[in-house]
Amino acid sequence: MAEKEVVRTDRAPGPFQGAPYNQAIRVGELVFVAGQLGVSLSTGELAGESVAAQTEQALENMSAILDAAGSGLDRLVKTTVFLVDLADFAAMNEVYARHVGDRPPARSTVGIAQLPSGARVEIEAIAHV
């Protein structure tokens, strides 16, 4: 069995308020990326109030983490998107589609009651290395 390897990069925000998890874990040829909020690395705050701005930033953060793991957004196999308001689906989906290319991963989108820091979207992923 492949060993579990912690993936860490300074090009994306670290675990939320020192919580006990990692940005990602690589096992063999798969990398499991923790849920990413649209938090700007430079400010530590949400990238904006809109779901589009937060989705853009969340995917930029994810891209940096995947790069550190030897993967990329083009190698995503499964994502889960959490939305505070499912009415934001179209705006999120427009940004998401630009990032995942013409062979998008399998995806689930789930409506939830709340996210940390007032975020509107969170995205987690599994990618091939």
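Treat the numbers as computed from the prediction; the structure is a model and nothing was measured.

Draft legend 1. Fine view of the packing of aromatic side chains. Under the counting rule described, the total for this entry stands at zero aromatic pairs. The cationic tip of Arg107 hangs over the ring face of Tyr96; the distance from NZ or CZ to the ring centre is 4.5 Å.

Draft legend 2. Quick peek at the environment of Ala69. Looking at the secondary structure, you find Ala69 in the loop between α1 (51-68) and β4 (76-83). Considering only alpha carbons, one finds Ala69 and Arg26, 43 residues apart in sequence, at a separation of 7.0 Å. Leave out the neighbours within four places in its chain, and Ala69 touches Val7, Arg26, Val31 and Val129.

Draft legend 3. Structural detail: the sheet that holds β4. Reading across from one edge, β1-β2-β3-β6-β4-β5 is the order of the six strands in this open sheet, with mixed pairing throughout. Looking at which strands have only one partner, the edges of the open sheet turn out to be β1 (4-7) and β5 (106-111). Going from strand to strand, the sheet's axes swing by 15 degrees on average, the running direction of each strand aside. Across four bridges, strand β2 (residues 24-27) lies against strand β3 (residues 30-37) in antiparallel orientation. What sits directly across from Ile25, in β3, is Phe32.

Draft legend 4. Structural context of the pattern of salt bridges. Overall, the coordinates contain four salt bridges when judged by the stated rule. Taking the shortest distance from any N to any O, the salt bridge between Asp10 and Arg8 comes out at 3.7 Å. Taking relative accessible area as the criterion, Asp10 reaches 63% and is therefore assigned exposed. For Arg8, a relative accessible area of 48% translates into the label partly exposed.

Draft legend 5. Structural view of the pairing of β3. Taken across its eight residues, β3 has six buried, putting it largely inside the fold. The antiparallel pairing of β2 with β3 creates a hairpin that spans two residues between the two strands, and Gly28 there sits at a positive phi of about 60 degrees. Across six bridges, the pairing between β3 and strand β6 (residues 121-128) is antiparallel. Within β6, the residue paired with Val33 across the bridge is Ala125.

Draft legend 6. Quick peek at the pairing of β4. In terms of residue burial, β4 counts as a mostly covered element, since six of its eight residues are buried. Examined bridge by bridge, β4 and β6 share seven bridges and lie antiparallel to one another. When the bridges of β6 are listed, Leu76 appears paired with Ala127. With six bridges joining them, β4 and β5 adopt parallel strand pairing. Looking across to β5, one finds that Val81 is bridged to Thr109. Tracing the backbone out of β4, into helix α2 (residues 89-100) and back to the parallel element β5 gives a crossover that is right-handed.

Procedures and definitions
Residues numbered from 1 in each chain as written. Predicted model: local features only at pLDDT ≥ 70, side-chain atom pairs only at ≥ 80, totals over all residues. Heavy atoms only, no water. Phe/Tyr/Trp six-rings, centres within 6.5 Å; stacked < 30°, edge-to-face > 60°. Lys NZ or Arg CZ within 6 Å of the ring centre and 35° of its normal. Helix = DSSP H or I, 4+ residues; strand = E, 2+ residues; numbered from the N terminus. Contact = heavy atoms within 4.5 Å. Pairing = 2+ DSSP bridges. Axes fitted to C-alpha atoms, helices over the stretch in contact; angles between N-to-C directions. Salt bridge = Lys/Arg side-chain N within 4 Å of Asp/Glu carboxyl O. Buried < 20%, exposed > 50% of the residue type's maximum accessible area, 1.4 Å probe, protein only. Right-handed = clockwise from strand over helix to strand, strands pointing away.

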